[in-house]
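# Working through the structure, step by step
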Amino acid sequence: MGLQDKLNDLLQQGLKQVEESVNLESINDVRVKMLGKKGPITEVLRGMRDLSAEERPKVGQFANEVRDQLTNAIDEQRAKLENAKLNDQLKKEAIDVTLPGNSVAQGQPHVIQQIIDELVDLFIGMGYVVAEGDEVEEDRYNFEMLNLPKDHPARDMQDTFYVTPEILMRTQTSPMQARTLETHDFSKGPLKMVSPGKVYRRDTDDATHSHQFHQVEGLVIGKHITMADLKGTLEVVAQDLFGDELEVRLRPSYFPFTEPSVEADITCFNCHGKGCAVCKYTGWIEVLGAGMTHPNVLKMAGVDPEEYGGFAFGLGPDRFAMLKYGVNDIRDFYQNDVRFLTQFDQKG
């Protein structure tokens with residue numbers, strides 16, 4: 001049998017093996033077996049050295065044609081097998097796009113932040129500026145410039161977390177009042193500011209108290225400001241958040257940085273004034289403290305108390321949230337129960 005006959009037989013064998021290949025592994029085996037350096041085609045071509053000079057080009061050309069036909073057949077079969085494998089994979093991993101998708105829950109601000117935002121928006125509408133400060137504060141601004149010297153007994157009620165003897169976690173957002181008073185230019189008009197933020201106290205956690213809570217404090221300093229302005233402001237705040245259903249009352253109190261001072265109470269949301277554990281059987285819940293700014297606070301900030309006066313107030317968004325939504329335990333706001341928190345939809 002001549003070399004051309006042997007090559008033709010190998011071509012037919014190779015084409016048959018290509019056709020019978022059912023996966024990528026088997027078609028690769030055919031390629032190595034038929035076209036590899038140790039394959040039968042290479043072995044046949046080694047006999048070309050025994051051919052005459054006239055036969056050698058013809059056999060060489062035919063050998064190239066055989067190699068090309070097998071290579072093309074292998075490539076076509078490999079493409080078919082790869083496509084079949086891909087289709088099979090797509091079929092197994094198919095996604096029914098006609099099914100409804102899974103909805104992604106959209107987050108919202110925490111209910112306390114919602115109350116803070118509502119209060120801040122209210123005060124901005126009344127011409128106040130917002131002054132936010134650091135939670136780590138100097139003793140000088142947290143206490144001393146608010147008429148609370150180092151030996152003042154009122155410090156015991158606010159004793160908090162100290163970083164150093166002169167640096168502490170602020171017990172109120174009032175330090176921003178002192179800082180703003182120092183820099184305000186009264187020749188451009190009165191000072192009207194609110195300072196929201198987180199504060200820290202030595203309180204024992206219970207249904208209405210927490211060692212870590214939030215405050216929104218306000219300060220108005222100018223000429224001819226009276227207690228009537230303070231009362232009107234507090235009533236606007238209460239009516240904006242709670243409407244006219246709950247009664248508001250002012251009663252005398254004491255704060256070192258105001259004189260005279262008052263407490264503002266709102267009728268207990270839980271018992272509506274009858275008395276219960278939430279309001280400690282008084283029928284009222286304290287929501288904020290206020291008063292006319294103490295002359296010493298003005299003096300220490302470099303403001304003449306003979307020419308300027310005003311009022312300050314501090315309220316707790318946490319308690320306002322309790323009142324607004326009828327929550328009887330402040331700790332519920334901090335336990336991160338999503339089922340509880342998602343009840344309070346973002347206003348607007």
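Everything quoted here is computed from the prediction, not taken from an experiment. (Residues numbered from 1 in each chain as written. Predicted model: local features only at pLDDT ≥ 70, side-chain atom pairs only at ≥ 80, totals over all residues. Heavy atoms only, no water.)

## Here's the deal with the overall build of the protein
A count of helices and strands for the protein gives 12 helices and 10 strands. Compactness check: the protein gives a C-alpha radius of gyration of 43 Å against a globular reference of 20 Å for 348 residues, more than 25% above the reference. The principal-axis extents of the C-alpha atoms in the protein amount to approximately 125 × 45 × 35 Å. Per-residue burial for the protein yields a buried fraction of 43% across its 348 residues. Roughly 19800 Å² of accessible area belongs to the protein as shown, and the carbon and sulfur atoms make up 50% of that amount. Each charge sign in the protein was given a centre, from 38 positive and 56 negative side chains, and these centres are 9 Å apart. (Helix = DSSP H or I, 4+ residues; strand = E, 2+ residues; numbered from the N terminus. Rg over C-alpha atoms; globule rule 2.2 N^0.38 Å. Buried < 20%, exposed > 50% of the residue type's maximum accessible area, 1.4 Å probe, protein only. Areas by Shrake-Rupley, 256 points an atom, 1.4 Å probe, with all protein chains shown as cover. Lys, Arg positive; Asp, Glu negative; His and termini not counted. Charge placed at Lys NZ, Arg CZ, Asp CG, Glu CD.)

## Regarding the packing of aromatic side chains
All chains considered together, the criterion is met by 10 aromatic pairs. Site record: aromatic cluster; members linked through ring pairs are Phe-123, Tyr-128, Phe-311 and Phe-313. Positioned above the aromatic ring of Tyr-141, the side-chain terminus of Arg-140 is 4.7 Å from the ring centre. Above the face of the Tyr-141 ring, Arg-179 is positioned so that its terminal group lies 3.8 Å from the ring centre. (Phe/Tyr/Trp six-rings, centres within 6.5 Å; stacked < 30°, edge-to-face > 60°. Lys NZ or Arg CZ within 6 Å of the ring centre and 35° of its normal.)

## Observations regarding the pairing of strand β9 (residues 284-293)
Counting buried residues in β9 gives 9 out of 10 residues, a clear majority hidden from the surface. Taken together, the 8 bridges between strand β8 (residues 258-267) and β9 define a ladder with antiparallel strand orientation. Residue pairing in the sheet places Ala-264 in a bridge with Leu-288 of β9. Of the strand pairs in this sheet, β9 and strand β10 (residues 309-315) are connected by 5 bridges, and their pairing is antiparallel. Looking across to β10, one finds that Ala-290 is bridged to Phe-313. (Pairing = 2+ DSSP bridges.)

## Focus on helix α9 (residues 227-242)
The end-to-end C-alpha separation of α9 is 22 Å, in line with the 22 Å expected for 16 residues at 1.5 Å each. Of the surrounding elements, those touching the buried residues of α9 are α5 (111-125), β7 (248-255), β8, β9, β10 and α11 (317-325). (Expected span 1.5 Å × (residues − 1). Contact = heavy atoms within 4.5 Å.)

## With respect to the layout of surface pockets
Taken as a whole, the largest pocket spans an internal volume of roughly 990 Å³. Together, 43 residues line the largest pocket, and Arg-201, Phe-255, Glu-263, Glu-286 and Arg-319 are the ones closest to its centre. Elements represented by at least two residues in the lining of the largest pocket include exactly α7 (155-158), β6 (212-222), β7, β8, β9, β10 and α11. Sorting elements by how many residues they give to the lining of the largest pocket places β9 first, with 7 residues. Here the residues of the lining of the largest pocket sort into 18 nonpolar, 14 polar and 11 charged. (1 Å grid on protein atoms, 1.4 Å probe; cavity = no way out; pocket = protein on both sides within 12 Å on 5 of 7 lines; lining within 4 Å. Points joined across faces, edges and corners; volume = space filled by probe spheres on them. Nonpolar A, V, L, I, M, F, W, Y, C, P; charged D, E, K, R; others polar.)

## Quick notes on the pairing of β7
Where β7 meets β8, 7 bridges bridge the pair, whose relative direction is antiparallel. Within β8, the position partnered with Phe-255 by the bridge is Thr-258.

## Here's the deal with the confidence of the model for the protein
Across the protein, the average pLDDT comes to 86, with 97% of residues at 70 or higher. Looking over the protein, one finds the lowest element-wise mean pLDDT in helix α3 (residues 40-45), namely 73, and the highest in strand β1 (residues 129-130), namely 96. (pLDDT = per-residue confidence, 0-100.)

## A few points about the sheet that holds strand β3 (residues 162-164)
Here 3 strands make up an open sheet; going across it, the order is β2-β4-β3 and the pairing antiparallel. Among the strands making up the open sheet, the edge pair consists of β2 (136-138) and β3. Recorded for the sheet is a direction-independent mean angle of 30° between the axes of neighbouring strands. Of the strand pairs in this sheet, β2 and strand β4 (residues 167-169) are connected by 3 bridges, and their pairing is antiparallel. Within β4, the position partnered with Glu-137 by the bridge is Leu-168. (Axes fitted to C-alpha atoms, helices over the stretch in contact; angles between N-to-C directions.)

## Observations concerning the side chain of Arg-170
Within the secondary structure, Arg-170 sits in the loop between β4 and α8 (175-183). For the buried Arg-170, which has no salt bridge, the nearest side chain bearing the opposite charge is Glu-135, at an N-O separation of 5.2 Å. In this structure the side chain of Arg-170 is engaged in a polar contact, spanning 3.4 Å, whose partner is the backbone oxygen of Asp-134. Ignoring any residue separated from it by four or fewer positions in sequence, one finds Arg-170 in contact with Gly-133, Asp-134, Glu-135, Glu-137, Asn-142, Pro-196, Gly-197, Lys-198, Val-199 and Tyr-200. (Salt bridge = Lys/Arg side-chain N within 4 Å of Asp/Glu carboxyl O. Polar contact = N/O pair within 3.5 Å; in protein donor to acceptor, adjacent residues only side chain to side chain.)

## Some details on unusual backbone geometry
Pro-260 follows Glu-259 through a cis peptide bond whose omega is -5°. Relative to the helices and strands, Pro-260 is located in strand β8. The phi angle at Lys-280 is positive, at roughly 55°, despite the residue not being glycine. Here Lys-280 is to be found in the loop between β8 and β9. For Lys-280, a relative accessible area of 52% gives the class exposed. Residues other than glycine seldom take positive phi values, yet Asn-336 does so here, at roughly 60°.

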